[in-house]
Each structure stands twice: as C-alpha cells, then as structure tokens.
Amino acid sequence: MAFAVRRATSTNYSIRLDSVSKVYGSSGSAVRALDAVSIELRRGTFTAVMGPSGSGKSTFLNCAAGLDRPTSGAVWLGDVELSKLGEVELTEVRRERIGFIFQAYNLLGSLTVEENVTLPLRLADRKTDKAFLREVLTAVGLGEHMKRRPSELSGGQQQRVAVARALITHPDVVVADEPTGALDSRSSKQVLELLRQVVDNMGQTVLMVTHDPVAASHADSVVFLADGRLAGEMTRPTPDQVAARMTHLGEW
Ligand SMILES: Nc1ncnc2c1ncn2[C@@H]1O[C@H](COP(=O)(O)OP(=O)(O)OP(=O)(O)O)[C@@H](O)[C@H]1O
C-alpha cells in the first residue's frame, strides 16, 4: 500500500466537533446524549472511542459522520461544515468522503466481493480505478476471492471486504462502529491490524467505537466518554491501561 489518500481539503484535521450537544426527546423526557463535546481528529491518526454503556459513543460517531445532526454546535469534515448542509448535500458528502464499517458488515448478499467493494463508486457515478481496486483487495487479503459472494466467506473475511469498501472512495475519514464486535479474537486481530496499516501505510484517518480495550490499544489514542461528556484521552494506550480507566469510569 504505497499510495497516499487524495486530500480533498488542506486542513490538518479530518473531523472537528465544536461544542456539539445532542438532546433526544423534549422537556421532561429529554436525554442529553452529548454535552458540549469539542475535539479534533488529526489527519492520518487512529482514534478509538470508549465509555460505559449509554455514555454517548454511538451518538458521537453518528454526529461526527453526518448520520445524525447535533442539537447545537458544529461538525466539520475538513473545511466543510456538515451541520450547515442540506439532506442531499449531506448524503453526497457521506457517500464520497466518509467510509463506513459496521459491526454487522452490511454487505449485499447478492453481489460478489468485487461488486460490494465498488458499490460506493457506482452509487456516486464514479469510475472504478481497477489498479486501486486490486491494490485494496490485495491489502485486505482478498485478491483471490473477488468473485465470491459474502455467504462464501468467513466473518473476518466479510469484515475485510467492508474495510475495502470503506477505502475505495479515498475517503477523508473511515468510521468504524464496533468493527470487531461479531468476530472471534483471531479475526478481530486481523481486522484491527488492517485498520492500523490503513493509517500507517495509506495515511487514512480512522475513528472507531469499541467496547474492547484490546481493540482500543491498536489506536494512537483513546477518547473516553462519560454521560455525554469527554472524560479524558489516552495516547499510546495499552489494554491494561484502557481497562483500568474504563473501570474507573463505571460499569461497562
Ligand atoms: N434515538 C434516541 N432516542 C432517545 N434516546 C436516545 C436515542 N439514541 C440514544 N439515546 C440515549 O442517548 C444516550 C447515549 O446513547 P448512545 O447509544 O450514544 O450510547 P453508547 O455509549 O453508544 O451506548 P452503548 O455502549 O450501550 O451502545 C443513552 O442514554 C441513550 O438511551
């Protein structure tokens, strides 16, 4: 993987949240899922998000990736303010500039590996760069399985297809929500090492929500959330340090 990410913008951060709050419901039943969260993710870094159940991790990820809109505050993807975009533009930005990886892989069963990976390009009416496709599939270890369908692959292989699909558009950021939640420890390790390579060798920016201290230890830094607020950050995390901090934050 010798290529570099195509930069759509010149900012040195990929995502920036500026005092982002998210309130679900109203008045008596309102839940403040995020409370004035400000953070910048530098380009070419791997950040994990951890916190007790209900601390706002998914809400954080969804707001950062334009899947959900903050109640107040601003979200920037490079020099584009997501919170100012209309639905059509936001959909386009998500499709073209953000790569998504979900716990459940979300592959289309009727499509081959190759077709699943290139789907974001077809949806955006963009041509497939065959050399890049081959490079990405080789990088995720699936160069020999391009014509298989998801049902003919293991869970770990399916998630690696999802990683390739997330990379194919040269996104500004790859967002992963519990990417190893459904995998055994060996497949988890492969996927996490792959995400690490994507950052180190391709200069990608990765943001990952996880419950697993071992998974988080593959990141450059871990951001902790508690009750919708930032509750600290740890650089060069080890699994033990992450687990100790999580225990300190409460039940998880
Ligand atoms: N659509 C919604 N409507 C109302 N409340 C919501 C909604 N989504 C999330 N919440 C609430 O917001 C808070 C944060 O939820 P969120 O899913 O972001 O937490 P989380 O840290 O990802 O949790 P978990 O680790 O259990 O997945 C919780 O109190 C949750 O119940």
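The rules behind each value
Residue positions are given per chain, counted from 1 along the sequence in the order it is written. Since the coordinates come from a predicted model, pLDDT governs what is reported: local features require at least 70, and pairs of side-chain atoms require 80 or more to be given and counted, while whole-chain, interface and lining totals use all residues. Any residue whose backbone-placed C-beta atom lies within 6 Å of a molecule or strand is treated as near that molecule or strand. Only DSSP runs of H or I with at least four residues qualify as helices, and only runs of E with at least two residues qualify as strands; both kinds are numbered from the N terminus onward. As a working rule, the residues Ala, Val, Leu, Ile, Met, Phe, Trp, Tyr, Cys and Pro are called nonpolar, Asp, Glu, Lys and Arg charged, and the rest polar, with Gly in that last group. By the convention used here, strands pair only if DSSP detects at least 2 bridges between them. Every angle, taken between N-to-C directions, lies between 0 and 180 degrees, and every axis is a line fitted to C-alpha atoms, over only the stretch in contact when it is a helix. Exposed residues have 12 or fewer other C-beta atoms within 10 Å of their own C-beta, buried residues have 20 or more, and residues in between are partly exposed; the C-beta atoms are placed from the backbone. Only buried residues count toward a nonpolar core: Ala, Val, Leu, Ile, Met, Phe, Trp, Tyr and Cys, linked into one set through C-beta atoms within 7 Å. In this description, a residue-residue contact is defined by the distance between C-beta atoms placed from the backbone, which must lie within 7 Å. Each helix should span, by expectation, one fewer than its residue count multiplied by 1.5 Å. The arc in question is the one spanned by the directions pointing from the helix axis to the C-beta atoms.

- In the annotation of an unreviewed UniProt entry, the entry for the chain reads ABC transporter ATP-binding protein, and the organism field reads Kibdelosporangium philippinense.

**A word on the site of the ligand**
(1) Moving on: Taken together, Tyr24, Gly25, Val31, Ala33, Gly51, Ser53, Gly54, Ser55, Gly56, Lys57, Ser58 and Thr59 are the residues near the ligand.
(2) Moving on: Secondary-structure elements contributing two or more residues to the shell around the ligand are strand 2 (31–42) and helix 1 (57–64).
(3) Moving on: If one sorts the elements of the shell around the ligand by residue count, helix 1 sits on top with 3 residues.
(4) Moving on: For the shell around the ligand, the class distribution of residues is 3 nonpolar, 8 polar and 1 charged.

**Concerning the sheet that holds strand 8 (residues 206–209)**
(1) Moving on: The strand order across the open sheet built from 6 strands is 6-7-8-3-9-10, with neighbouring strands paired in mixed fashion. On the outer flanks of this sheet lie strand 6 (98–102) and strand 10 (229–235), each paired with one strand and no other. With strand direction ignored, the average angle separating the axes of adjacent strands in the sheet is 20°.
(2) Moving on: Of the strand pairs in this sheet, strand 3 (residues 46–50) and strand 8 are connected by 4 bridges, and their pairing is parallel. Bridging across to strand 8, Ala48 finds its partner in Met208.

**Side note on the pairing of strand 4 (residues 72–77)**
(1) Moving on: With 5 bridges joining them, strand 1 (residues 13–24) and strand 4 adopt antiparallel strand pairing. Bridging from a neighbouring strand, Leu17 pairs with Val75 of strand 4.
(2) Moving on: When strand 4 meets strand 5 (residues 80–81), the two strands line up antiparallel, connected through 2 bridges. Within strand 5, the residue paired with Leu77 across the bridge is Val80.
(3) Moving on: Taking the residues between adjacent antiparallel strands as the criterion, strand 4 and strand 5 are bridged by 2 residues, where Gly78 takes a positive phi near 55°.

**Topic: the sheet that holds strand 5**
(1) Moving on: Within the open sheet, the 4 strands sit side by side as 2-1-4-5. Their pairing is antiparallel. Among the strands making up the open sheet, the edge pair consists of strand 2 and strand 5.
(2) Moving on: Inspection of the sheet shows strand 1 paired to strand 2 by 8 bridges, in the antiparallel sense. Residue Ile15 lies in a different strand from strand 2, and its bridge partner there is Leu41.

**A few points about unusual backbone geometry**
(1) Moving on: We note that Asn106 has phi near 55°; this positive angle belongs to a residue other than glycine.
(2) Moving on: Along the chain, Asn106 turns up in the loop between strand 6 and helix 3 (113–123).
(3) Moving on: You will see that His170, though not glycine, has its phi angle at about 55°, which is positive.
(4) Moving on: Structurally, His170 is set in the loop between helix 5 (155–167) and strand 7 (173–177).
(5) Moving on: Residue classification places His170 among the partly exposed positions, given that 18 C-beta atoms sit within 10 Å.

**Some thoughts on the nonpolar core**
(1) Moving on: Grouped together as the largest cluster of nonpolar side chains are 64 residues, with contacts concentrated most on Ala64, Ala164, Val175 and Leu195.
(2) Moving on: Top element by residues in this core is helix 6 (residues 185–202). It accounts for 7 residues.
(3) Moving on: Setting aside residues up to four positions removed in sequence, Ala164 forms contacts with Val117, Val136, Leu137, Val140 and Leu142.

**Observations concerning helix 6**
(1) Moving on: Over its 18 residues, helix 6 runs 25 Å from end to end, which matches the ideal 26 Å to within 8%, given 1.5 Å per residue.
(2) Moving on: Listed as buried for helix 6 are Ser188, Val191, Leu192, Leu194, Leu195, Val198, Val199 and Met202. The buried residues of helix 6 occupy an angular sector of 150° when projected down its axis, which confines them to one face. In helix 6, the exposed positions angled more than 90 degrees off the buried face are occupied by Ser185, Arg186 and Glu193.
(3) Moving on: In this structure, the buried residues of helix 6 make contact with strand 3, helix 5, strand 7, strand 8 and helix 7 (213–216).
(4) Moving on: Two residues or fewer past helix 6, Gly203 is found with a positive phi of approximately 75°.

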